[in-house]
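# Topology and contacts: notes
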Amino acid sequence: MPRLIIDNQKIEVPEGTKVIDAAEQLGIMIPRFCYHSALGAVGACRLCAVKFLEGPVQGIEMSCMTDARDDMVVSTDDPEARAFRRFIIECLMMNHPHDCPVCDEGGHCLLQDETVSGGHDIRRYKGKKRTFRDQYIGPFVQHEMNRCIHCYLCVRFYQEFTGYRDLAAYQIGYRVYYGRFEPGQLESPFSGNLIDICPTGVFTDKPARYRGRRWNMERSPSVCIHCSLGCNTVANARYREMLRQEARLSESVNGHFICDRGRFGFGYANLPDRPRRAEIGKNEASWTEAVRALANRLTISDGASEMKKTAVLGSARSSLETQAALAILAGSAGWPMPAYFADPHQSSVCRTVVRRLDEGLAVSMKEIERADWILAVGADPINEAPMLALAMRQAVRNGGKAGVIDPRPVFLPFDFTHLPIPREQMEFCLNHLIHSGIARQEADDAGEAVAGFYAQLPEEAEFEEAVREGISTLAEGLKQSEHPVLICGTDIVPLSTPDLAADHAHLLNRIKNTCGLFYILPGADAFGAAMLEASAESAFEDLLKAIEDGEITALMVVENDLIGAYPNRKRLETALDRLELLIVLDYLSTPTVDRADFFLPTTTVFETGSCFINQEGRLQYAEQVHAVGAPIRQLRGRSHPPREHRDEVPGGDPRPAWRAVADLVRALDLDEIRLYTSGPESWLTGSKGPFRFFQEKIYPPREGRILPAESEVAPFKSSIKKEAKKPEAGTLDILFVDRTFGAEALSALSEPIRRAEPAAAAFIHPKDASELGLSDGDSAILRFEEGDLEIPVALNNDMARGLLVIPRKPDLEWQTAGARFPRIARNRIAGVRKETE
Amino acid sequence: MTRNKPNIWKYSLSAVKGIYDAYAVSMINFLRKPVTEEYPEYKRPLPERSRGRIILTRDPDGDERCVACYLCSAVCPTSCISMESAEREEDGRRFAIWFRINFARCIYCGQCEEACPTLAIQLTPDYEFCQYEVLDFVYEKEDLLVDHGGRHPDYNFYRHAGVTEKGDKGAHPDEEEPVNLKSNMP
Amino acid sequence: MWFLGFVILLIKLAAVLGALVLLAVYLVWIERRLLAKFETRLGPNRAGWHGALQPFADGVKILLKEDLIPEGADRFIFMMAPAVVATSALLLFVVVPFGEGFTLWGRRVPMLFTDLNVGLLYVVAISTVAVYGVVLAGWSSNSLYSLLGGIRGAAQMISYELSLGLSLAPVVMMAGSFSLVDIVDAQAAYPFILVQPVGFLIFLVSTMAEAHRLPFDIPEAENELMGGYHTEYSGMRFGLFFVGEYVNMLVLGSLAAVFFLGGWRGPLLPGVVWFVLKVLIVPFLLIWSRAALPRPRYDQLMAFGWKCLIPVALVNIIATGGLMLLFG
């Protein structure tokens, strides 16, 4: 442990620590451009020069390139070091344009700060400035190359950290150009981080271009709700409009970066057609009127205080507060306990996840980065949880092996083994792979339960040559692995897979002493939703059945687009027609909202503080960013704000959904007065709720995992088939899947995401395509019993046979298929030739 | 110890003289012409740099100078300036879609003028714009924009900025031709 | 015939009261204009011709203001105090002869209300009553500033009352009567100021103190006591104090005219005109003093009254008496 002195302060740091980090631990921020703690040091910018007064190194040296060693005496503000840094700044500023007023980076620009603090204020160089032409690099990032100071951070991040190659350095010397070979959209779904990482204004936020400087923004720590990972962000709003999101450093979740879906997906909160007034029927009403009228409708007039029995459907994107409040409402009103997933598949898979995940198994993304063997089952990380792909890439960069068992065409920005196995055979393949990677002796040594489970695993398997090779590579990797991690998707896996994955994780855990289990869930707070459903044994299927039987005549849907989410459109329509009363609470304008008899507008995550539990069981709190109200820009368009004094904020009616529930409880005169008399801390723990972790009554809660030390479910109970299930001949499996851009319900409404999303296309294996007579770009018409679905096809070699992969886009009526995992006979697919000119 | 006893006569004389002087001085002033300037009839010519009503000036080409960089609003001690910037559709130039100064709050300190990098915002000697309605003090961009360059008629920010609003990069006198990416010629 | 006398009395009352109050109100404007002149300013010159309507504008303003009564105030006394000040000032005028008198329909109409044979004593007595107004206003306001102002006012007015009275003793001695008419008549040959310059000066200084005019405005010293005894007053009640103060100035002016300047007597012009001109001399001097002199400290004020004015006035009486004995 080297001990050194920096600016007269003693410090002891671990071996290999750079001097720049050692200084940072002392609270001394040495200026830097090219050094980034996630990307390491390259010593390109020369700005972090400090003077070494005594010790093994002496004189001016770069603090980011020098390891801390014993007896070093470092001065960061030695006159010589200062002069050196000022000179560096002056050189960097030689070609920098004079455009801070029109540059969006101004105000949070590192170059600006360093120039001012370095004391460089007069340009002495009288020559001409070098210029570059800018490129169009997609709807997210604005390119202005003249401002570049050639620190290389962008290319290092883009190529080394995210693994994409289309942004690169061109030319030599002082003419080095960072850009694409041809203008075009950046391929990486992490390109938004260039905005954060660029120390000056070369890459700036395009959607928020010119909309405000850092000091104008209302900034709050927030949590991304566009997938289940719960990445940490800083949300920026101005004039009641969400403008920008930045990544917030979270050691255990997302590190320094976030994906573009999370960064630019906030557009739904600003939509001009966002409903902001309560509605009775189709007539606008004030909040109080609507709640009172609703309470009257829910109270049966002839039966004194009896309530109309109402089914309640919450959502996986709602905050924990809303979900818990719904449970309290239903409990105290004597209604059936609420369901939270419209999709029965999601419901049962997520419940399994909640039951199986415990502290012994769960890993964070940080731990995935340290894993040396990663197997993803039924998961498509870049599309379902993009930041997971980045974490996996870091593991691979550190020498780990990665494999994916998934029928879909899976792309990941690193080398990995893809086993394109049909959906029914994934479990079999997983069993076989684990069996091949573990020696019998190891299993026998790990105890009876493990050995018994191991013995059931299939030893033999018939797969194609390529798959067999992949399995043996991965098995070989598993044998040598010390920190394996299993990733299990939930979107397309069979219902039993999460259980099986947990069992395998237990198996590896017993043998290797450490094995992580990482699930991907369908929603920001799917974990909380599943906890509530699991504890109340409720399911939307049961509620729907009761509606169909006429037992229940009212339905309350909270922040859930039921019509968009339920996989069987026809059945749902029939059920909805039987309803007497449909109550919808939401902040989006959805088809479900259009059908509502009563509508109450709710707030987004940016307008109210709320808790979310991510897929690893980590409780996080997103703070309120801005006040509720219509964005000022929407009041008068591209003109000045209204010139009037008003008592209330225009468009300020929406309230948090849980507050709406509380108002309803009050109007119905139910027992649960806690809901409206005190804050969430007093009722979140709820007598009926499973949220024991709120016992401390700290609100907002402390961030952290809330998992039980050990799951109540005993491991190794999965039933294991010795034989792979053969796919049915003559039919195609259809998978409706998530995409990075355009399939997730909230971000799909965001304008820049809409521009970035690729055209909807169904992936199909070339052999299946040729059997069907389809070629790339043709449209396929799928003739389901309930109707037709037309979609262009894209051929892809890297996927299972007998499969059609269709993105679950909101504008695609995929629910006509009538089932979550439909099969379609080949003769019901018709092709339409692409029109060639 | 003996205290110095004031001479009563000297003392009284000085008192009388003091009183006499006071009456004399006031009577002399009584006979002088009043120095008051009667304001609405007579308006004292103000120096060019006196700080009154704020204007937004135009550059020599007649285009508005303000690029809505938010610096004036940031420096304003009373937060009376607000604006929103946007990209002009015709030429991609940054400009203020709205720009508002609340003169009811303004203290005419001139810091906005100091901060303005494009010399757009300037204080004029005009101070006569009282209103009865406080909302009438809220000036919008169209009220603030004038058709001249104010005190600095010749300055044009974009000729020095190093960014283009119109035309190609490298078009300014202080700039080299843009680097050709596809050539290795130095 | 008694009836006609009554009507004439009423007409006289109305005329004098109206003229007095109008003059007092205009005195405010005159003071402001003069003060401005002394300070090389212009003063109020906007309302009407050279600001001549300014008193009415002020009057309207003061009438329309809210009449506030502070919490904890003795309401009745609080409301009555301004009236005491104003009334005592007006009552002084009863014995002042302001003209020669004339004959109407064969009836002698004297230019005064009543010729009391103890007129001078009456004047001194009534002017003492004004102290009550000040003290009661200060006390009933339930405010520290007011109370201090009231106490100071009482002390100051009682002290200077003495020198005022003493300065008038030689006048009585020379006129041989307490009646104001007789005093004026006694000055038919020459005004007493010529033989009583010291008495006039003492009278003038005491007058300033009685009217608590600057430099003797200790009871309402603005920068120490906000407004002194009338701090808590607003609206028309404050207006009464205000008018009372200016009426007081005029009354004291008229007393100075009667005692020292020969009353309404003068060549060429009618008696009333001479009287008004002489009356205005004192307010002018008061205004001039206001422009010229600073306010003394409270103890200096008392010391000056007791240690300087009263001895000098006594010496003046003895000297007058001696001289009268000598020259008969």
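Since the structure is predicted, the reported quantities are computational estimates derived from the model, not experimental observations. (Residues numbered from 1 in each chain as written. Chains lettered and ligands numbered in written order. Predicted model: local features only at pLDDT ≥ 70, side-chain atom pairs only at ≥ 80, totals over all residues. Heavy atoms only, no water.)

## Describing the overall build of chain A
- A tally of regular secondary structure across chain A gives 28 helices and 34 strands.
- Rg of the C-alpha trace for chain A: 29 Å, near the compact-globule value of 28 Å for 837 residues, within the 12% margin.
- Taken along the three principal axes of its C-alpha coordinates, chain A extends 90 × 75 × 65 Å.
- Going through the 837 residues of chain A one by one, you find that 63% of them count as buried.
- Considering only contacts within chain A whose residues lie at least 6 apart along the sequence, 73% involve residues at least 24 apart.
- Looking at chain A as shown, the accessible area adds up to about 31800 Å², and 47% of this sits on carbon and sulfur atoms.
- Taken together, the 98 basic and 119 acidic charged side chains of chain A have centroids lying 5 Å from each other. (Helix = DSSP H or I, 4+ residues; strand = E, 2+ residues; numbered from the N terminus. Rg over C-alpha atoms; globule rule 2.2 N^0.38 Å. Buried < 20%, exposed > 50% of the residue type's maximum accessible area, 1.4 Å probe, protein only. Contact = heavy atoms within 4.5 Å. Areas by Shrake-Rupley, 256 points an atom, 1.4 Å probe, with all protein chains shown as cover. Lys, Arg positive; Asp, Glu negative; His and termini not counted. Charge placed at Lys NZ, Arg CZ, Asp CG, Glu CD.)

## Things to note about the pairing of strand β3 (residues 94–102) of chain B
Residues and elements named next belong to chain B.
- Burial analysis of β3 places nine of its nine residues in the buried class, which makes it a mostly covered element.
- Of the strand pairs in this sheet, strand β2 (residues 81–87) and β3 are connected by seven bridges, and their pairing is antiparallel. By the bridge assignment, Ala86 is partnered in β3 with Phe95.
- Counting the residues in the hairpin turn of β2 and β3 gives six residues, including Gly92, whose phi is positive at 75 degrees.
- Pairing of β3 with strand β5 (residues 138–139), which is carried by two bridges, proceeds in the antiparallel orientation. Considered in β5, the bridge of Ile101 is made with Tyr139. (Pairing = 2+ DSSP bridges.)

## Things to note about helix α4 (residues 153–161) of chain A
All names here are of chain A.
- With respect to burial, α4 is a largely interior element, eight of its nine residues being buried.
- Turning to α4, the residues buried within the fold contact β8 (168–170), β9 (177–179), α5 (193–197), β10 (203–205) and α12 (386–397).
- Backbone geometry just after α4 places Gly163 at a positive phi near 80 degrees.

## Considering the confidence of the model for chain C
- Looking at chain C as a whole, its pLDDT mean stands at 82, while 96% of the residues score no less than 70.
- Per the prediction output, this complex has pTM 0.81; the corresponding ipTM is 0.86. (pLDDT = per-residue confidence, 0-100.)

## So, the interface of chain B and chain A
- Tallying the contact residues gives 49 residues for chain B and 44 residues for chain A.
- Across the chain B/chain A interface, buried area totals approximately 3800 Å², and carbon plus sulfur atoms make up 51% of it.
- Inspection of the chain B/chain A interface yields eight salt bridges.
- Measuring nitrogen to oxygen at the nearest pair gives 3.0 Å for the salt bridge that ties Asp134 of chain A to Lys169 of chain B.
- There are 26 residue pairs in polar contact (both at pLDDT 80 or more) connecting chain B and chain A. (Buried area = accessible area lost by both parts, 1.4 Å probe. Salt bridge = Lys/Arg side-chain N within 4 Å of Asp/Glu carboxyl O. Polar contact = N/O pair within 3.5 Å; in protein donor to acceptor, adjacent residues only side chain to side chain.)

## Some thoughts on the environment of Ser140 of chain C
Residue and element names in this part refer to chain C.
- Note that Ser140 resides in helix α4 (residues 119–140).
- Sequence separation between Ser140 and Gly72 is 68 residues, and the spatial gap between their C-alpha atoms is 8.6 Å.
- In this view, Ser140 contacts Ala73, Asp74, Ile77, Phe78 and Tyr233; residues no more than four positions away in its chain are not counted.

## Some points on the environment of Asp166 of chain A
Residue and element names in this part refer to chain A.
- Position of Asp166 relative to the elements: it lies in the loop between α4 and β8.
- Judged by its relative accessible area of 11%, Asp166 falls in the buried class.
- Residues Asp166 and Arg180, spaced 14 residues apart in sequence, show a C-alpha to C-alpha distance of 5.7 Å.
- Not counting residues within four places of it along the chain, the set of residues in contact with Asp166 comprises Tyr158, Gly179, Arg180, Phe181, Gln185, Leu186 and Glu187.
- Here Tyr158 takes part through its side chain, which lies 2.8 Å from a polar atom of the side chain of Asp166.

## Considerations on the pattern of salt bridges
All names here are of chain A.
- Under the defined criterion, the tally for this structure stands at 81 salt bridges over all chains.
- With a shortest N-O distance of 3.2 Å, Glu12 and Arg3 are connected by a salt bridge.
- On the basis of relative accessible area, Glu12 is assigned to the partly exposed category, the value being 38%.
- Here Arg808 and Asp491 are joined by a salt bridge, their closest N and O atoms 2.6 Å apart. Remark: Asp491 occurs in the loop between β20 (484–488) and α17 (497–512) and Arg808 occurs in the loop between β32 (803–807) and β33 (823–825); sequence separation between them is 317 residues.
- On the accessibility criterion, Arg808 (16% relative accessible area) is buried.
- Since its relative accessible area comes to 7%, Asp491 is described here as buried.

## Looking at unusual backbone geometry
- For Gln171 of chain A, which is not a glycine, the phi torsion comes out positive at approximately 65 degrees.
- Along the chain, Gln171 of chain A turns up in the loop between β8 and β9.
- Positive phi, close to 50 degrees, is recorded for Ala68 of chain B, a residue that is not glycine.
- As for its placement among the helices and strands, Ala68 of chain B is situated in the loop between β1 (54–56) and α2 (71–75).
- On the basis of relative accessible area, Ala68 of chain B is assigned to the buried category, the value being 1%.

## Thoughts on the domain arrangement of chain A
- Partitioning chain A into domains gives domain 1 (3–92), domain 2 (348–519) and domain 3 (731–832).
- Domain 1 of chain A and domain 2 of chain A are separated by 43 Å when their C-alpha centres are compared. (Domains from an automatic or database assignment.)

## A closer look at the sheet that holds strand β27 (residues 704–705) of chain A
All names here are of chain A.
- Taken in spatial order, the three strands of this open sheet run β25-β26-β27, and their pairing is antiparallel. Edge strands, defined here as strands with exactly one partner in the open sheet, are β25 (610–613) and β27.
- Contacts from helix α8 (residues 320–333) reach β25 and β26 (618–622) within the one sheet, and its direction differs from that of β25 by about 90 degrees. (Axes fitted to C-alpha atoms, helices over the stretch in contact; angles between N-to-C directions.)

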